[in-house]
Structure formats: structure tokens, C-alpha cells
Amino acid sequence: MSRLSRRFAVTTAALVAAALALSACTPAGPSRSGDDTRLTVALPGSLSNLYVGQENGILNYYVASIAQEGLVSLDAEGQIQPALAESWEQVDDVTYVYTLRENATFHDGTPVTVDDVIFSIEKAQDAEISPGFAWYLGGLESMEETGERELTITLVEPDATFATLMSTVGALYVTSRAYWEANEGTIGTGSGLLMGTGPFQVTEFVPDSHVEFTAVDTWWGGVPDLESVRIDFIPDENTRLLAAQSGQIDVAFNVPFTQASQWESISGAEVQFVNDLSYVGLLFDLSVAPFDDLKVREAFAHAVDREAVVSSVLGGHGEVALAIPTPESLFTAYGPDGAAAALAEGEQFAFDLEAAAAALAASSVPEGFTTELTYPATGPELGRSALALAANLAEIGVTVNVREVTIEEWLATIGDGEHGVGYMWYFSTTGDPGEVISYLYGPENPSQYENEAVRALLAGAFVESDPVTRADLILEADNLARPDLASAPLWWGQSATAFLNGWSLSTPSPFVFTNPWPTLLTKAG
């Protein structure tokens, strides 16, 4: 279980760091509504490195997937499809055989070899080089070239998530050994760029400013209609909106819900809202008083009006979370209706201030106490939700000081042994139902939560290949842990993406932007 990943915050670590360098990040030039050969994209944050193994935010995935591929990919429905491997076979519980495409070629025209793939996986396994990936790939027993264009991977033990890990939503971005070594491993930087096999090649990267891509004729999927893509990093939401209103950008990620109507009012604009596989919940550190007291945690859980948060804070763009796994992560096992029914079976802590007051009265701090709740600046909806919770708790004698911090500071508070309550804001790229819960309840979890029965269930799910049996184990673990309140689910989120100047995407899904997504765009007229 410990190999499962953690990806916090949409706009995640990388996304935000760059603060608000507004004017420097505004795309220059006139309106380009008539240009259908070049795409300009606004990213709501900044990247300092393009190699996803090094900088592991969700926006890094969106950018790198334009240029790099894994052995397989996930389609819009989350199903595994060929990418650099034209075929693959799971021979037994621990053995996978991949056959590379005959015409798989890097951007410099050199062929992709089995050795390049093994080299890429080895770099992904290196915790120093790829801290965002090494976590996943510790369970490989061996990798061997077993035939022409054939790679055989053997695992130490069965891993139900492994097939997905060989995609760009997992942990594999295939690169060229020769390019990596020629650049002495400084890839993803302004000087080292990226070498991949996707439809677009990185031609310029200025950290914390922008990245430029040019279409190539080496991609196995054909030559893209677009000639180039430019992605500008624009952290400030008002600056992004002004750029859109002046026609300077074609696509904008993570449009704030509070601005959605302004974006939709722009001529030729379309805003798509998609369930993004994100989970938001309260996270309690059970080693920090008074949150080591279950009654205190119950008081907090009963003081959250989740329905009101989804309705007023999110404007309806989300859903009350009944568990840690998202509904979409359970579709393969149960189908949409079955997933909804299964998630509804677990115990819930309803909004009830009388129950919250009673729990506090029965706790070790019946007279109340003061605490702090931080939220990342990139998540304003988390801040508004925190203020609503603080107002409710004030009625029963608990003072919550809500504080906006940088995303780095917020990440540092998670499991720091000082903050007894905080937010968990987690985006799953794999859509695996065990990803988030294994981080929250597995070994070395940030709550210091110990429950051997829960861990045994999750360990069983990790090696279980049948999707229904696996989902059953995961939900049983979630339901078993729920009364202990190491975590309190709040909402499953949505993301809003704006398409302007006539551009559109006909297959919105949480997986689409971890594919070569510019090739999926169409332009009216």
C-alpha cells in the first residue's frame, strides 16, 4: 500500500508557488480568435520543472502529457489503452509483457528501444531523481528485454494498480537514455527541456513564466492539426480573466467558480465543469491534543454543514462526500448506480450543532478551546468553507482561527505534529479507489491513525484483482474507520475549464488532460 501515491491540491505545490507576478505572466499580443494553428493556454499557477517525477503537481501532468507518453494510457472512461506499447499481456499475477510499437520514435527521430523504457522506469524508481514516482515503483522484481521490442516486467507480489502505473497518469514518462545522459540528468529545466514521443515537442521553457511546444511528425498517432501550443503561467485569477476577455487565450484551467459567469459571458466561450476525482476532507492529527479526543473530533464533524458548503461555497459544483473514494473510482466495480448505493451505506456525521455541543461537553475540553485551521491560497473555496465551520464552532465555544497560507506552508502543516486539524485536498490522477484512502489510513499516515483491521483490509485490496471484491474491501475499510474520525469527508470536487475563441473539447472527463489533449480539441468554423 505504501507505494500508492499522494497528489495534493489541484493546483498543487507547483501550481502556486510562484506567487502573483501578474504583469510578467500576462500573454502578450493581440486577440487571436481567428488563428486555428496555434493554441494559447493559461495555467492557474507556475511550474519550475517539467519532469513530473521531480515536480508532481496535477498541472505538471497536464503539461508533460503533451510531449511524453507511457507504455499505456487511460482513455476518457479511464480504461487502459495502447500508447507506446502496441500490446501487453499479464501472463500471471506478477508478470507483464509489453510489445513496443514498431514506429515508436522520439522527437529527435531516434527509435524508442526497450532499453529506453527500462532506463525511464529506473529513473522513476530513484527517490532522489523522482520523489513523485519512486513511491509507486518499489515492488518491481525485474525488468528484461525478452524479445524484439518486448519488455517483461516481474513484480515482487501482485499489485492491482500496476497496469495503470505504466501510463502517464501513473508513474511512467518514457524518455531517451541518450538525451538524459547528454544533459546529465537536468531534464525538465530551461536548458534540459524534455525528450518524449508525444505529438508536441518542448521548444522553450522559462520556469515560472511559460512553456512552448511545436508539433512533430514523429508521433505514431500522426501529425497534429495544431502547429504549436504555448502555455502561460498566470496565477492571478483576475489577470487570467482579463487575458480571456481580450481574446489572448484559448484554454484556461481551473476557472474559479466565483468567476464562472464572467467567463461564460465572453463571446465564443464555453466553460465545462467535470468531476475531477478530487477529495476534500478534514484531517485530524490524533497525536495532537485535544484532537486525540474522539469527542472533540465528533464536535467538529457535526459542526460542518456539508450541504450548505456544496450549495453556497461551491455553487453546486461538487457533491457531498459520503466516503473517501469518489463515485467515479467505483464505476468499474459497481457501475454509477451501484457506486452511489454502496457509498450511501456508510455511517455519516450529519450537521447538528446540538450534537456537536453535546460531544464537546463530554470531551476533555468541555469549556472549549482555540485552534488554527490553515488553507492554501490556491483553494479559496477551502477558505470560505473554513470560515463557515469556524462560525458554527464559535456557537459552541470553540475558536477557530482561519489562516490563508502558501501552498508550501499548507503542505508542511499536514501531519506536522502541531496542527490537530487541517484540510486534505487530494487529486487522484489514476482514479483508483484505493489511492487516497491508502494514504490516509495506511502506514505512515498523516493522522497517526492505527487500526490493524483497516490496514489488513487495504492490504487485501492492494493485491486483489477482481474489481468488485477489491472495491468491497476498500469500502469496508472506510466504513470501519469512519467512527474513529481520523478523517471527515467533506466534498468530492469539480474543475472548471474554459474554452474560448471557438475551441471546444467533445470528450470532457477527469482523464482527458493526462493524454495528448491538444489533439482532441476542435475549433468551430
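Look up a bit, the structure's there.
Residues numbered from 1 in each chain as written. Predicted model: local features only at pLDDT ≥ 70, side-chain atom pairs only at ≥ 80, totals over all residues. Heavy atoms only, no water.

**Overview of the packing of helix H8 (residues 294-303) against helix H12 (residues 380-394)**
Link 1 in the chain: With their axes 9 Å apart at the nearest point, H8 and H12 run at an angle of 115° to one another. In terms of crossing hand, the pair formed by H8 and H12 is right-handed. Across the interface between the two elements, Ala299, Phe300 and Ala303 from H8 touch Leu389, Asn392 and Leu393 from H12.
Link 2 in the chain: Of the residues in the contact of H8 with H12, the class split is five nonpolar, one polar and no charged. (Axes fitted to C-alpha atoms, helices over the stretch in contact; angles between N-to-C directions. Helix = DSSP H or I, 4+ residues; strand = E, 2+ residues; numbered from the N terminus. Left-handed = near helix turned anticlockwise from the far one by under 90°. Contact = heavy atoms within 4.5 Å. Nonpolar A, V, L, I, M, F, W, Y, C, P; charged D, E, K, R; others polar.)

**Remarks on helix H16 (residues 467-481)**
Link 1 in the chain: Taking 1.5 Å as the rise per residue, H16 with 15 residues should run 21 Å; its terminal C-alpha atoms sit 21 Å apart, in good agreement.
Link 2 in the chain: Within the span of H16, buried status applies to Arg470, Ala471, Leu473, Ile474, Leu475, Ala477, Asp478 and Ala481.
Link 3 in the chain: Close packing links the buried residues of H16 with helix H10 (331-343), helix H14 (435-441) and helix H15 (452-463). (Expected span 1.5 Å × (residues − 1). Buried < 20%, exposed > 50% of the residue type's maximum accessible area, 1.4 Å probe, protein only.)

**A short note on the side chain of Gln248**
Link 1 in the chain: Within the element layout of this structure, Gln248 appears in the loop between helix H6 (237-245) and strand E11 (251-252).
Link 2 in the chain: Judged by its relative accessible area of 15%, Gln248 falls in the buried class.

**Observations concerning the sheet that holds strand E5 (residues 95-100)**
Link 1 in the chain: As summarised here, the arrangement of the four strands in space is E4-E5-E7-E6, forming an open sheet in which the pairing is antiparallel. Looking at strand neighbours, the two that pair on one side only are strand E4 (85-92) and strand E6 (140-147), the edges of this open sheet. Direction aside, neighbouring strands of the sheet carry axes that sit 20° apart on average.
Link 2 in the chain: In the sheet, E5 pairs with strand E7 (residues 150-155) via five bridges, with the strands oriented antiparallel. Along E7, the bridge assignment pairs Tyr98 with Leu151. (Pairing = 2+ DSSP bridges.)

**What to know about helix H3 (residues 114-125)**
Link 1 in the chain: For H3, built from 12 residues, the straight-helix expectation of 16 Å at 1.5 Å per residue is met to within 8% by its first-to-last C-alpha distance of 17 Å.
Link 2 in the chain: Within H3, burial applies to Val114, Asp116, Val117, Ile118, Phe119, Ser120, Ile121 and Ala124.

**Digging into the environment of Ala124**
Link 1 in the chain: You can see Ala124 is positioned in helix H3.
Link 2 in the chain: When near neighbours in sequence (up to four residues on either side) are disregarded, Ala124 contacts Tyr51, Ser130, Phe133, Ala134, Leu137 and Ala171.

**Concerning the packing of aromatic side chains**
Link 1 in the chain: All chains considered together, the criterion is met by 23 aromatic pairs.
Link 2 in the chain: Between Tyr62 and Phe513, the aromatic rings sit 5.5 Å apart at their centres with planes inclined by 55°, giving tilted as the arrangement. Taken together, the residues Tyr62 in helix H2 (residues 58-64) and Phe513 in the loop between strand E18 (503-505) and strand E19 (521-523) connect sequence positions 451 residues apart. Exposure class is identical for Tyr62 and Phe513. Each is buried.
Link 3 in the chain: Among the aromatic residues, those joined into a cluster by ring pairs are Tyr51, Tyr61, Phe119, Phe133, Tyr173 and Trp180. (Phe/Tyr/Trp six-rings, centres within 6.5 Å; stacked < 30°, edge-to-face > 60°.)

**Examining the nonpolar core**
Link 1 in the chain: Of all hydrophobic cores here, the largest spans 90 residues; its most connected members are Trp263, Leu282, Phe300, Tyr423, Leu440 and Tyr441.
Link 2 in the chain: One finds Tyr96, Val229, Ile231 and Trp503 within the second-largest nonpolar core, a separate group that totals 70 residues. (Core = buried A, V, L, I, M, F, W, Y, C linked by side-chain atoms within 4.5 Å.)

**Description of the side chain of Glu435**
Link 1 in the chain: Tracing the sequence through the fold places Glu435 in helix H14.
Link 2 in the chain: A relative accessible area of 1% means that Glu435 is categorised as buried.
Link 3 in the chain: Of the polar contacts made by the side chain of Glu435, one reaches the side chain of Thr430; its length is 2.6 Å. (Polar contact = N/O pair within 3.5 Å; in protein donor to acceptor, adjacent residues only side chain to side chain.)

**Considering the pairing of E6**
Link 1 in the chain: Note: E6 against E7, six bridges, orientation antiparallel. Across the sheet, the residue bridging to Ser142 is Thr154, located in E7.
Link 2 in the chain: The turn linking E6 back onto E7 is made up of two residues, and Arg149 within it adopts a positive phi angle of 60°.

**A word on the pairing of E4**
Link 1 in the chain: Relative to E5, E4 runs antiparallel, the two being bridged by six bridges. Its bridge partner being in E5, Trp88 is matched across the sheet by Tyr98.
Link 2 in the chain: In sequence, E4 turns back onto E5 through a hairpin of two residues.

**Focus: the pattern of salt bridges**
Link 1 in the chain: Tallying each qualifying case throughout the model produces 12 salt bridges.
Link 2 in the chain: The salt bridge partner of Arg177 is Asp115, with a shortest N-O separation of 2.7 Å. Here Asp115 lies in helix H3 and Arg177 lies in helix H5 (residues 177-182), a separation of 62 residues in the sequence.
Link 3 in the chain: With relative accessibility at 32%, the residue Asp115 sits in the partly exposed group.
Link 4 in the chain: Between Asp232 and Arg230 there is a salt bridge, with the nearest N and O atoms lying 2.9 Å from each other.
Link 5 in the chain: In this structure Asp232 comes out as buried when scored by relative accessible area, which is 2%.
Link 6 in the chain: Among the ionic contacts, a cluster of salt bridges with common partners joins Arg38, Glu212, Arg230 and Asp232. (Salt bridge = Lys/Arg side-chain N within 4 Å of Asp/Glu carboxyl O.)

**Thoughts on unusual backbone geometry**
Link 1 in the chain: Omega for the bond connecting Ala289 with Pro290 falls within 30 degrees of zero, at 0°, which places this linkage in the cis form.
Link 2 in the chain: Considering the arrangement of structural elements, one finds Pro290 in the loop between strand E12 (270-284) and H8.
Link 3 in the chain: One non-glycine residue, Asp208, lies in the positive phi region at around 65°.
Link 4 in the chain: For Asp208, a relative accessible area of 40% corresponds to the partly exposed category.

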